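Overview (structure and organization)
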Amino acid sequence: MIKLYFAPRTRATRPRWLLEQLGVPYELVNVDLEKGEQKQLPYLRIHPLGKVPALVDDDVVVFESIAICMYLADKYIDKKLAPALGTPERAQYYQWMLFAAATLEPAVADYYEQTQGLPAEKRSPEATAKAKERALAAIKVVEHAMLGKMYLVAEKLSAVDIVVGSVMRWAESMKLLEGAPDLASWLYELKSHAAFKKAMA
Ligand SMILES: N[C@@H](CCC(=O)N[C@@H](CS)C(=O)NCC(=O)O)C(=O)O
C-alpha cells in the first residue's frame, strides 16, 4: 500500500489532500519533526534532505510534494484529476504545477520568512517589501487566469487546483489574498471538499 511520510501543518498536507480526493487507500506514516526524526536514519534513506513529505509505493520512492501529486494523479489517471498527455489542457497543467513550484511558492515562502520565519534581526523592511511585491505579482497572475473560471484547467477540478490551492492557502493565512476576492472564493470552494477537511484534520 502507498505510504505517505507526513507531518501536520506542512507541505505534506498537499499530497494527503490529493490522496483523499482520489479516494485511494494509503498509510500515513507520521514523522515527528519536533523530535528530528526527519534528519535521522532510516528516514534519510527515503528523503536525503530530511524533509516531509515523501511517498513510497512499492519500489517507487518520491520526494517533493508537487512531484508526489503529479505521480499520484497519473497513477490514478482514471480518477480524472490530470488531463490526458499531449493535450492543450496538459500543457496548462504543467504550466501551473511548475508555476506553483518555481515562482509562486518561493515568493510566498520568502514573505513568510520575512514576516514570521526568520529571527527579527535577520528581517528587513526592504526585503519584506520586495518579497510582498513578488508574491502579489505571482498571485495576480493566477487571479487573472482564473477570471470567469471555477478551476484552473479544463473547467474541472484537477490536481493542479490542489497544488496551487495549497500555496494560496498559505498566502491567504498571511493576508496576501485580500485584494483578490475571486481567488478567495475559488479557495473557499476547494476548502469545502471533504478531502481537504480530512487532510487538514
Ligand atoms: N519543496 C519541498 C519542501 C519540503 C519542506 O521544506 N518540508 C518542510 C515542512 S513544510 C520540512 O520537512 N521541514 C523540516 C526540516 O527541514 O527539518 C516540498 O515541497 O516537498
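This is a predicted model, so every value here is computed, not measured. (Residues numbered from 1 in each chain as written. Predicted model: local features only at pLDDT ≥ 70, side-chain atom pairs only at ≥ 80, totals over all residues. Heavy atoms only, no water.)

**What to know about the pairing of strand S2 (residues 26-30)**
Inclusion rule: Between any two strands, at least two bridges found by DSSP are needed for them to pair. Numbering of helices and strands runs from the N terminus; a helix is a DSSP stretch of H or I covering at least four residues, while a strand is a stretch of E covering at least two. By convention, orient the strands away from the viewer: a clockwise path from the first strand over the helix to the second makes the crossover right-handed.
Sheet topology note: the strand S1 (residues 2-6)/S2 ladder contains five bridges and is parallel. Looking across to S2, one finds that Tyr5 is bridged to Val29. For the crossover that starts at S1, traverses helix H1 (residues 13-22) and ends in the parallel S2, the hand is right-handed.

**Here's the deal with unusual backbone geometry**
The bulk of non-glycine residues show a negative phi, and the bulk of peptide bonds are trans. Here is the rule we go by: Partly exposed residues are those whose accessible area sits between 20% and 50% of the maximum for their type, while under 20% is buried and over 50% is exposed, using a 1.4 Å probe and protein chains only.
Across the junction of Leu41 and Pro42, the peptide omega takes the value 5°, indicating a cis bond. Mapping Pro42 onto the fold places it in the loop between S2 and helix H2 (43-46). Omega for the bond connecting Val52 with Pro53 falls within 30 degrees of zero, at 5°, which places this linkage in the cis form. Its location among the elements puts Pro53 in the loop between H2 and strand S3 (54-57). Even without being glycine, Asp58 reaches a positive phi, approximately 55°. By the element assignment, Asp58 lies in the loop between S3 and strand S4 (60-63). At Lys175, a position not held by glycine, the phi torsion is positive, near 60°. Topologically, Lys175 is positioned in the loop between helix H6 (159-173) and helix H7 (181-191). Using a relative accessible area of 56% as the deciding quantity, one classes Lys175 as exposed.

**Thoughts on the nonpolar core**
Nonpolar side chains in soluble globular proteins tend to end up buried together. Note the cut-off: Residues belong to one nonpolar core when they are buried, are Ala, Val, Leu, Ile, Met, Phe, Trp, Tyr or Cys, and are joined through side-chain atoms within 4.5 Å. Between two residues, a contact is recorded if the distance between any of their heavy atoms is within 4.5 Å.
Residues Val164 and Met168 are the most contacted members of the largest nonpolar core, which totals 67 residues. With nine residues, the single largest contributor to this core is helix H4 (residues 88-117). Every residue in contact with Val164, bar those within four places of it in the chain, is listed here: Trp96, Ala100, Leu104, Val142, Leu152 and Trp186.

**Regarding the domain arrangement of the protein**
You'll often see interface size given as the accessible area lost when the parts meet. How we decide: By convention here, the domain bounds are inherited from an automatic or database domain assignment. In this description, buried area is defined as the sum, over both parts, of the accessible area (probe of 1.4 Å) that is lost when the two are combined. For salt bridges, the criterion is a side-chain nitrogen of Lys or Arg within 4 Å of an Asp or Glu carboxyl oxygen. Here a polar contact is taken to be a pair of N or O atoms separated by no more than 3.5 Å, where protein atoms must pair a possible hydrogen donor with a possible acceptor and residues adjacent in sequence count only if both atoms sit in side chains.
Under the domain assignment, the protein is made up of domain 1 (2-79) and domain 2 (88-193). Across the interface of domain 1 and domain 2, roughly 1300 Å² is buried in total on both sides, 66% from carbon and sulfur atoms. Summed over the shared surface of domain 1 and domain 2, the number is three salt bridges. One salt bridge in this structure joins Arg90 and Asp74, with 3.0 Å as the shortest N-O distance. There are four residue pairs in polar contact (both at pLDDT 80 or more) connecting domain 1 and domain 2.

**Some points on the site of the ligand**
Here is the rule: Whether a residue is near a molecule or strand depends on its heavy atoms: it is near if one of them lies within 4 Å of it. The Shrake-Rupley method, run with a 1.4 Å probe sphere, supplies the accessible areas, and residue values consider only the shown protein chains as cover. Side-chain classes follow a simple rule in which Ala, Val, Leu, Ile, Met, Phe, Trp, Tyr, Cys and Pro form the nonpolar group, Asp, Glu, Lys and Arg form the charged group, and the remainder, Gly included, forms the polar group.
The ligand sits among Thr10, Arg11, Gln38, Lys39, Gly50, Lys51, Val52, Pro53, Glu64 and Ser65. Val52 places a polar main-chain atom, nitrogen or oxygen, 2.8 Å from an oxygen atom of the ligand. Glu64 places a side-chain nitrogen or oxygen 2.8 Å from a nitrogen atom of the ligand. When the ligand sits alone it has 510 Å² of accessible area, and the protein chains cover 76% of it. Split by residue class, the shell around the ligand holds two nonpolar, four polar and four charged.

**So, the packing of aromatic side chains**
Note the following rule: When two rings of Phe, Tyr or Trp (its six-membered ring) have centres within 6.5 Å they constitute a pair, described as stacked for plane angles under 30 degrees, edge-to-face for angles over 60, and tilted for the intermediate range. As a reminder, the over-ring test applies to NZ of lysine and CZ of arginine, requiring each to be within 6 Å of the ring centre and within 35 degrees of the ring normal.
Counted under the stated rule, the structure contains five aromatic pairs. Taking 5.5 Å as the distance between ring centres and 45° as the angle between the ring planes, the aromatic pair formed by Tyr5 and Tyr43 counts as tilted. Note that Tyr5 is positioned in strand S1 and Tyr43 in helix H2, a separation of 38 residues in sequence. Of the two residues examined, Tyr5 and Tyr43, each falls in the buried class. Across from the ring centre of Phe6, 5.2 Å away, lies the NZ or CZ of Arg16, which sits over that ring.

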